[in-house]
Amino acid sequence: MNPDLRKLVRRGAPSKTAIDRFIAKHTFPLVDKTDVTFIFRGNADRVFLRRWIYGLSAAQPLQRLHGSDLWAVTMELPEELRFEYKFEVVQDSKRRLVVDPLNPVWAHDPFGANSVCQGYRYTRPEWTLEEPEARRGSVQSLSIESNAYHGKREIDVYLPARFRRARNYPLLIVHDGHDYLRFAELKTVLDNLIHCLEIPEIIVALTQSPDRLKEYAGNPLQAKFIAKDLLPLLMDKFPLIDEPRARGIMGASFGAVAALHAAWSHPDLYGRLLLQSGSFAFSDIGPHERGPAFDPVVRFVNEFRQAPNQPAEKIYMSCGVYESLIYENRSLVPLLQAHGIRVRYEEARDAHNWENWRDRLRNGLSWLFPGPLWMVYE
Amino acid sequence: MLGPQNQQLNLRAALDLLGIASRVGVITAGWRDAEGDIKELEVHIGRPVIDLMLYQRANEVFARDEPFFRAHRERQNRIKELQRLYRLRLRPMSAAAYSLLSTESDSHLLRPHERAAIAQIRALDRQHLKLIQGLHEAFEREWRPSERPGLTDHRESLEQAVAACDALLIAGGHVAVLMNRMRLFGMKELLRDRAIIAWSAGAMVLGERIVVFHDHAPQGRRDAEILDAGLGIKRNVLPLPYADRRLDWNDRKRLGLLARRFAPTRCITLNSGSVLHFQDGRIASANNASSLRSNGRLRVVRAE
C-alpha cells in the first residue's frame, strides 16, 4: 500500500476532512517506484479495476477502507509502464464503467475515453506535443472515385509546411488515418519530426474505412483501392518521388494487416512498412479462437507465412508487451528477416492503444524515412 | 560567423557592426530548391540583396553538360563510399578512445594510451581528408571546371555580381550541397578580401574542414565526422551550429574527446544569438559563443 495512504488509514476510518485533504494533496493513481495504488471515492457495493493487460485478470476488486467511502487496490508496476483502465462500479446490482474521477489523464480512442496509469518514470515524449518553433503543415481533403469500392471515398492529405510543387516528396499512406490524427497526434508528430530534421518533408495520405473489420482484414479490394485508385491519383496530384524506397504504408491493429496485405499483393510498389500491434493472427494447427472477424485475417496471414516473398525492403514493427497479439508479432519478425527484409522490431510496456502507437512513431518514421539532420544546419 | 537565424535574427546587427550600408550578395544554395526565397531576409536586413543563385546555376550547367554532370555525380559517389569506409574505421577507434577516457587506472599508465587512441583518430581524420581532397584534385585536373564553357559564363557573371556588393552573406542549410556549389563556381577566390557574414552551414564551409555532428539522432548517437574540406578562409575555428541542441552536454568525456580530436583548432559553439567577429585574423568581438575545452567544459570566447 502507498505509505501516505497507510498513514491515512492506520488508525481506522479517516474523517471526511482528512480524506478531502488527502485527495487535494495527491495525484492519482498513487505511483510509487515498484507499485501503484488505485483509489476510488464514492458509495458503492463493489468496485473493480478494469484494465486491458493480457495475462492479468480483467477485473481486480478494490477494498473498501475501514467502512469509509474510500476504496483502494495496489498492484505491482514495472517502471515506465503505461496502461489504460476504468473503474467498474457496482451498486444495487447495476454496473457502470467510469473513468477514474480523481485522474485527469485520459486517453481517447474511437470508443470514448479511458483513464491512463503512467508508471514510475514514464513521461510523454516531448515530440508528441506541439512545438512552438515548428512550422505547421496543412491537411486538405480529397475525394476519390474508387473502382475497387464502386463509389466515392474521402481521404485527407497532409502537406508539410513550405510545400513546393518544384520539389519531389516521399509518400506515406496511413490506414485509420483520421484516427491517427485524432488519437495519436500524427500531425503534431509529423510537424515536429520534420522541424527537427529527423524525417524529410513528406506527403501523407490519411485513409479511413467505413467498415475496417471487413476492409482491413486481408481484403483484396483494399489492396486494389490503395494501389489502383489512391496511388495513381496521388501521383497525379502531388509531386511524389516515384520509387519504392520513397513510398510507405502503415497501420495499427487491423490497419497493420491491411498495410502488410497491400504490400504483399503488390510487390515492389512500397519500399517501407510501418506495422503497429498488427492483428497477425494465424493458425498453424487447428482453428483459431479469435472470433469470425478474424477468419479472413487468419487466412491471409497463414498464406503470407507460407510465402512472404518481399513485401517491402524495410519494415518497422512495434507491439505492446501487454497485448494478446504479442506472440503473433514476435513470431513474424524472424520470418521476415529470413526473407532478406530489414526489420526493426520494438516492444513497449504498454497495450493495444493509440498512445502506445503514438509513442513509437518517432522511432518508426525516422528509421523508415531518415531525415537530413546530419547534413542540414539551418 | 553567426548562429542559426530562425529563432533570433542578428544578421542586421552584424551588418551594422561591419558598417555595411548598401548592397549585399547572398548565397542560399544550402536551401536547395528554396534558393532565392529571400523576402524575409530582405525585410530583416533592410538593404538591397542579390541572391547569387548558385544552386540554380549548377542545375543549368549540369543540364547542358551531361558528361560533366556524370563525372560530378561519380565523384560524389566516390566521396560517399570513402565516407562509409572511414566510418567503419572511425567507430571502433572512437569507442576505444571513449573507453579509455572512462576507465579507472593509474594515470601514468593510462595517459599514453589515451593520447595514442586520440592520435589514431586524428590520423584517420587527416587521411580521410587527404583522400577526399585527392578526389577533388583529380576532378579538377581532368575536367577543369574553370575552363569549361558552361561554367565560365557563370563564373564571370558571379565575379561581376560579387564585385558590386559590399558584403556577402552565406546562409545555412544543407552543408554538402552548399560546399559543392561554392567549389563548383570557385567561390573561394571571389570571397577573398570580402566582408563575409555566414551562419550555420555557411559558417561551416568557411573552415579548413567541415565536421558534421549530432548526438541526439533518433536512431542513436553517431560520432562526429569529417565530411569534406572547407574553403579554408577561416582557419583554426571549427563552428558548431546549434551545439546546445546537437551535442550531449551530459557527457563531458565525449565533449572533451571532440575538443582534443580537433585541437588546436577551436570548436566554437554557434547557437541562436551567437556572433563571432573576425578582423585581421583575430577575434575582434564575440557574443554568446564558447569554445570547447579538453575537459568537456566551455570557455566563453572573448576578443583577442
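Residues numbered from 1 in each chain as written. Chains lettered and ligands numbered in written order. Predicted model: local features only at pLDDT ≥ 70, side-chain atom pairs only at ≥ 80, totals over all residues. Heavy atoms only, no water.

**What about the overall build of chain A?**
- Within chain A one finds ten helices and 19 strands.
- Here the C-alpha radius of gyration of chain A, 23 Å, is about what a compact globule of 378 residues would show, namely 21 Å.
- Seen through its C-alpha atoms, chain A measures out along the principal axes to roughly 75 × 60 × 40 Å.
- With 378 residues in all, chain A has 57% of them scored as buried.
- Pairs at least 24 residues apart make up 74% of the contacts formed inside chain A by residues separated by at least 6 positions.
- Carbon and sulfur atoms make up 49% of the accessible area of chain A, which totals about 16,800 Å².
- Charged side chains of chain A number 49 positive and 47 negative; the gap between the two group centres comes to 3 Å. (Helix = DSSP H or I, 4+ residues; strand = E, 2+ residues; numbered from the N terminus. Rg over C-alpha atoms; globule rule 2.2 N^0.38 Å. Buried < 20%, exposed > 50% of the residue type's maximum accessible area, 1.4 Å probe, protein only. Contact = heavy atoms within 4.5 Å. Areas by Shrake-Rupley, 256 points an atom, 1.4 Å probe, with all protein chains shown as cover. Lys, Arg positive; Asp, Glu negative; His and termini not counted. Charge placed at Lys NZ, Arg CZ, Asp CG, Glu CD.)

**Some points on the overall build of chain B**
- Helix and strand counts for chain B stand at eleven helices and 13 strands.
- Taking 2.2 N^0.38 as the reference for a compact globule, 304 residues should give roughly 19 Å; the C-alpha atoms of chain B span a radius of gyration of 20 Å, in line with that estimate.
- Considering chain B as a whole, with its 304 residues, one finds that 53% of them fall into the buried category.
- Within chain B, contacts between residues at least 6 apart in sequence are counted, and of these 74% link residues at least 24 apart.
- As displayed, chain B has an accessible area near 14,300 Å², and 48% of this comes from carbon and sulfur atoms.
- On chain B, the mean spot of the 48 positive side-chain charges and the mean spot of the 36 negative ones are 6 Å from each other.

**A closer look at the environment of His72 of chain B**
Residue and element names in this part refer to chain B.
- Position of His72 relative to the elements: it lies in helix α4 (residues 66-102).
- Owing to a relative accessible area of 5%, His72 belongs among the buried residues under this scheme.
- As for His72 and His136, which are separated by 64 residues in sequence, their C-alpha atoms are 9.8 Å apart.
- When residues no more than four places from it in sequence are discounted, the contact partners of His72 are Phe62, Phe139 and Arg181.

**Examining the pattern of salt bridges**
Residues and elements named next belong to chain A.
- Applying the stated criterion to the full structure yields 45 salt bridges over all chains.
- Here Arg82 and Glu355 are joined by a salt bridge, their closest N and O atoms 2.8 Å apart. Separated by 273 residues along the polypeptide, Arg82 in strand β7 (residues 82-91) and Glu355 in helix α10 (residues 354-368) bring together distant segments of the chain. Like Glu355, Arg82 is buried.
- Through salt bridges with shared partners, one network takes in Arg82, Glu84, Asp350, Glu355, Arg358 and Asp359. (Salt bridge = Lys/Arg side-chain N within 4 Å of Asp/Glu carboxyl O.)

**Section: the sheet that holds strand β6 (residues 70-76) of chain A**
Residue and element names in this part refer to chain A.
- Pairing is antiparallel in the open sheet, where four strands are placed in the order β1-β2-β6-β5. The open sheet is flanked by β1 (30-31) and β5 (63-64), the only strands paired with a single partner.
- Examined bridge by bridge, strand β2 (residues 35-41) and β6 share seven bridges and lie antiparallel to one another. What sits directly across from Asp35, in β6, is Glu76.
- Here helix α2 (residues 16-25) sits on the sheet in contact with β1, β2 and β6, set at roughly 130° to β2. (Pairing = 2+ DSSP bridges. Axes fitted to C-alpha atoms, helices over the stretch in contact; angles between N-to-C directions.)

**A few points about helix α9 (residues 326-338) of chain A**
Residue and element names in this part refer to chain A.
- Buried within α9 are the following residues: Ile326, Glu328, Asn329, Ser331, Leu332, Val333, Leu335 and Leu336.
- In this structure, the buried side of α9 is in contact with α7 (254-265), α8 (295-306), β17 (314-320) and β18 (342-348).
- Just downstream of α9, Gly340 is the residue with a positive phi angle, here 80°.

**A short note on the interface of chain B and chain A**
- Listed as interface residues are 33 residues of chain B and, on the opposing side, 18 residues of chain A.
- Note on chain B versus chain A: buried area summed over both sides is about 2,000 Å², and carbon and sulfur give 51% of it.
- For the chain B face of the interface with chain A, the top three residues by lost area are Asp33, Pro218 and Gln219 of chain B, together amounting to 30%.
- Where chain B meets chain A, there are three salt bridges.
- Its salt-bridge partner being Glu133 of chain A, residue Arg245 of chain B comes within 3.1 Å of it at the nearest N-O pair.
- The interface formed by chain B and chain A includes 14 residue pairs in polar contact (both at pLDDT 80 or more).
- For the side of chain B that touches chain A, the elements supplying multiple residues, two or more each, are β4 (173-174), α7 (175-184), α9 (201-204), β7 (225-229) and α10 (243-246) of chain B. (Buried area = accessible area lost by both parts, 1.4 Å probe. Polar contact = N/O pair within 3.5 Å; in protein donor to acceptor, adjacent residues only side chain to side chain.)

**A word on unusual backbone geometry**
- The omega torsion of the bond from Phe28 of chain A to Pro29 of chain A falls at 0°, within 30 degrees of zero and hence cis.
- Topologically, Pro29 of chain A is positioned in the loop between α2 and β1.
- The residue after Ala263 of chain B, namely Pro264 of chain B, is reached through a cis peptide bond having omega 5°.
- Positionally, Pro264 of chain B belongs in the loop between α11 (252-262) and β9 (266-270).
- In this structure, His66 of chain A takes a positive phi of about 50° despite not being glycine.
- Among the secondary structure elements, His66 of chain A is positioned in the loop between β5 and β6.
- A residue is classified by how much of its surface remains accessible, and His66 of chain A, at 47% relative accessible area, is partly exposed.
- The backbone of Asp268 of chain A shows a phi angle near 70°, a positive value even though the residue is not glycine.
- Along the chain, Asp268 of chain A turns up in the loop between α7 and β16 (272-276).
- Take Asp268 of chain A: its relative accessible area is 64%, and that puts it in the exposed class.

**Some remarks on the packing of helix α3 (residues 54-64) of chain B against helix α6 (residues 149-163) of chain B**
Residue and element names in this part refer to chain B.
- Closest axis-to-axis distance for the α3/α6 pair is 9 Å, and the angle between their directions is 160°. Considered as vectors, α3 and α6 are oriented roughly antiparallel to each other. When you trace α3 past α6, the crossing you get is right-handed. Contact residues: α3 offers Leu54, Arg57, Glu60, Val61 and Arg64, while α6 offers Gly150, Leu151, His154, Ser157 and Leu158.
- For the contact of α3 with α6, the per-class residue count stands at four nonpolar, three polar and three charged. (Parallel < 35°, antiparallel > 145°, perpendicular 65-115°, else oblique. Left-handed = near helix turned anticlockwise from the far one by under 90°. Nonpolar A, V, L, I, M, F, W, Y, C, P; charged D, E, K, R; others polar.)

**Re the pairing of β7 of chain A**
Residues and elements named next belong to chain A.
- Here β7 lies mainly inside the structure; nine of its ten residues are buried.
- Sheet topology places β7 next to strand β10 (residues 112-118); four bridges connect them, and they run antiparallel. Bridging from a neighbouring strand, Tyr85 pairs with Ser115 of β10.
- Of the strand pairs in this sheet, β7 and strand β8 (residues 94-98) are connected by five bridges, and their pairing is antiparallel. Considered in β8, the bridge of Val89 is made with Arg96.
- The turn linking β7 back onto β8 is made up of two residues, and Asp92 within it adopts a positive phi angle of 55°.

**Quick look at the nonpolar core**
- By size, the foremost hydrophobic cluster in this structure holds 75 residues, and its most contacted members are Ile27, Leu52, Leu54, Val175, Met182, Phe185 and Met187 of chain B.
- Setting aside residues no more than four positions away along its own chain, Leu54 of chain B makes contact with Ile27, Ala29, Glu35, Leu158, Arg181, Met182, Phe185 and Met187 of chain B.
- In this structure, Ala205, Ile226, Ala281 and Met317 of chain A belong to the second largest nonpolar core, which totals 54 residues. (Core = buried A, V, L, I, M, F, W, Y, C linked by side-chain atoms within 4.5 Å.)

**A look at the environment of Ala164 of chain B**
- Within the fold, Ala164 of chain B resides in the loop between α6 and β3 (167-170).
- Put simply, Ala164 of chain B and Val275 of chain B are 111 residues apart on the chain and 26 Å apart in space, counted from C-alpha to C-alpha.

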